[in-house]
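# Working through the structure, step by step
Chain by chain, the residues:
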Amino acid sequence: MSTNILKYKMVAIDMDGTLLDSNDDITETNLRVIRYALNQGIRVVIATGRIFAAVKHYAGILGLQTYVISSNGAVVSDATGDNIIYTKPMKVTAAAKCIETAKKYDIYYHLYSNNVLYTEQLAYSSWGYAKLNDKLPPEERIIIQHIDDGVDFVLHSGYDIVKLVMIDDDLDKLTKARSEAMSIPSLAISASMPNNFEVMAEGVSKGKALQMLAQHYNVAMEETAAIGDSENDLSMLECVGLPIAMGNAIDAVKELAKYIAPSNDQDGVAYALSHYIMNEVCSPL
């Protein structure tokens with residue numbers, strides 16, 4: 001490990017549109033530079049909207065020893081998922097009202113517990129997770145469970161729901177549904193793609209989870225950096241010392257960032273780590 005003094009001791013990295021390229025892979029360049037950063041003593045934290053089960057495979061590839069922020073901050077666990085240090089589920093009545101809104105507008109939705117995805121139909125992200133399972137060993141696959149009716153499920157199953165996702169390519173319909181969901185008390189709402197919005201318990205965000213981890217590791221927020229591309233990354237970019245946007249990021253993320261790295265298909269994470277986070281003492285590229 002390097003004895004150089006680094007200004008930034010921890011970096012939070014989003015997954016989709018940031019760490020992963022368009023093929024859902026970590027490029028060799030990103031992998032090499034992240035491992036270099038780890039060897040320099042930088043704590044690398046994945047901060048994603050994905051369910052933890054969809055993170056475990058990538059955390060293993062990177063060799064992370066830090067905690068992982070999943071479900072937009074509703075769950076914080078170690079890189080194996082065995083030790084959950086924080087979780088905040090949605091109120092069941094609020095989750096049920098969200099599902100009623102999805103049904104009203106005929107919008108696809110799915111639910112997350114800490115480790116299971118629940119859906120009435122295999123489509124959009126749940127279909128993508130099912131395809132990802134084809135490439136994963138059995139112990140790393142995402143559990144996808146079919147439910148007959150989401151309202152009945154959340155009200156009577158007894159399972160904690162940490163996140164609800166609504167997805168539709170009809171953006172006008174999605175906007176109306178989001179507006180209605182925002183009127184439901186005790187919820188936090190964000191988005192990770194242009195055609196979705198994501199619902200968590202009030203107070204849940206990547207930023208708050210990252211602040212909790214910084215305190216856990218005794219790292220000042222001005223010594224942290226974050227790299228992201230979507231609306232659900234704004235909360236962590238707002239609270240770190242060095243906010244970095246991807247070249248493919250939405251305008252709101254770019255406006256908040258100090259630097260803009262290349263896109264996720266151009267090794268943007270590796271560039272950001274090399275040129276903006278470690279450039280004062282080392283440059284692996």
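For the structure given in this document, a descriptive report is provided here. All values derive from a computational prediction rather than experimental measurement.

A tally of helices and strands in the protein yields ten helices and 14 strands. Expected size for 285 residues packed as a compact globule is a radius of gyration near 19 Å; at 18 Å, the protein falls within 12% of this value. Based on the C-alpha atoms only, the size of the protein along its principal axes is roughly 55 × 40 × 35 Å. Within the span of the protein, comprising 285 residues, buried residues form 55% of the whole. Within the protein, counting contacts between residues at least 6 apart in sequence, those at least 24 apart form 62% of the total. About 12,200 Å² of surface is accessible on the protein, with carbon and sulfur atoms providing 47% of the total.

The next point concerns the sheet that holds strand 5 (residues 84-87). As summarised here, the arrangement of the three strands in space is 3-4-5, forming an open sheet in which the pairing is antiparallel. Each edge of the open sheet is held by one strand with a lone partner, namely strand 3 (68-70) and strand 5. Sheet twist, expressed as the mean angle between neighbouring strand axes with direction ignored, is 15 degrees. Sheet analysis places strand 3 next to strand 4 (residues 75-77), joined by three bridges and oriented antiparallel. Along strand 4, the bridge assignment pairs Ser-70 with Val-75.

Moving on: the pattern of salt bridges. Per the counting criterion, the structure on display carries 13 salt bridges. Arg-178 is the salt-bridge partner of Glu-231, the closest N and O atoms lying 2.7 Å from each other. Pair noted here: Glu-231 is in the loop between strand 12 (224-228) and helix 8 (234-239) and Arg-178 is in helix 6 (residues 171-182), with a separation of 53 residues, a long-range link. Judged by relative accessible area, Glu-231 falls into the partly exposed class, the value being 26%. One network of salt bridges, with partners in common, ties together Asp-14, Lys-206 and Asp-233.

All right, on to helix 10 (residues 268-277) then. Of all the ten residues making up helix 10, eight are buried; the element is thus mostly covered by neighbouring parts of the structure. Along helix 10, the positions that sit buried rather than exposed are Gly-268, Val-269, Ala-270, Ala-272, Leu-273, Ser-274, Tyr-276 and Ile-277. Of the surrounding elements, those touching the buried residues of helix 10 are strand 1 (10-13), helix 1 (28-39), strand 12, strand 13 (242-245) and strand 14 (259-260).

The subject of this paragraph is unusual backbone geometry. The general pattern is negative phi for most residues beyond glycine and trans for most peptide bonds. Of note, the phi angle at Asp-24 is positive, near 65 degrees, even though the residue is not glycine. The residue Asp-24 is located in the loop between strand 1 and helix 1 in this model. At Tyr-124, a position not held by glycine, the phi torsion is positive, near 50 degrees. Examined against the element boundaries, Tyr-124 turns out to sit in helix 4 (residues 124-133). You can call Tyr-124 partly exposed: its relative accessible area is 34%.

What follows deals with the sheet that holds strand 9 (residues 163-167). The strand order across the open sheet built from six strands is 8-7-6-9-11-10, with neighbouring strands paired in mixed fashion. What marks the edges here is a single partner per strand, and that holds for strand 8 (143-146) and strand 10 (187-190). Adjacent strand axes in the sheet meet at a mean angle of 25 degrees when their direction is disregarded. Where helix 3 (residues 92-104) meets the sheet, its contacts fall on strand 6 (108-112), strand 9, strand 10 and strand 11 (196-201), and the angle it forms with strand 9 comes to roughly 10 degrees.

The rules behind the values
- Residues numbered from 1 in each chain as written.
- Predicted model: local features only at pLDDT ≥ 70, side-chain atom pairs only at ≥ 80, totals over all residues.
- Heavy atoms only, no water.
- Helix = DSSP H or I, 4+ residues; strand = E, 2+ residues; numbered from the N terminus.
- Rg over C-alpha atoms; globule rule 2.2 N^0.38 Å.
- Buried < 20%, exposed > 50% of the residue type's maximum accessible area, 1.4 Å probe, protein only.
- Contact = heavy atoms within 4.5 Å.
- Areas by Shrake-Rupley, 256 points an atom, 1.4 Å probe, with all protein chains shown as cover.
- Pairing = 2+ DSSP bridges.
- Axes fitted to C-alpha atoms, helices over the stretch in contact; angles between N-to-C directions.
- Salt bridge = Lys/Arg side-chain N within 4 Å of Asp/Glu carboxyl O.

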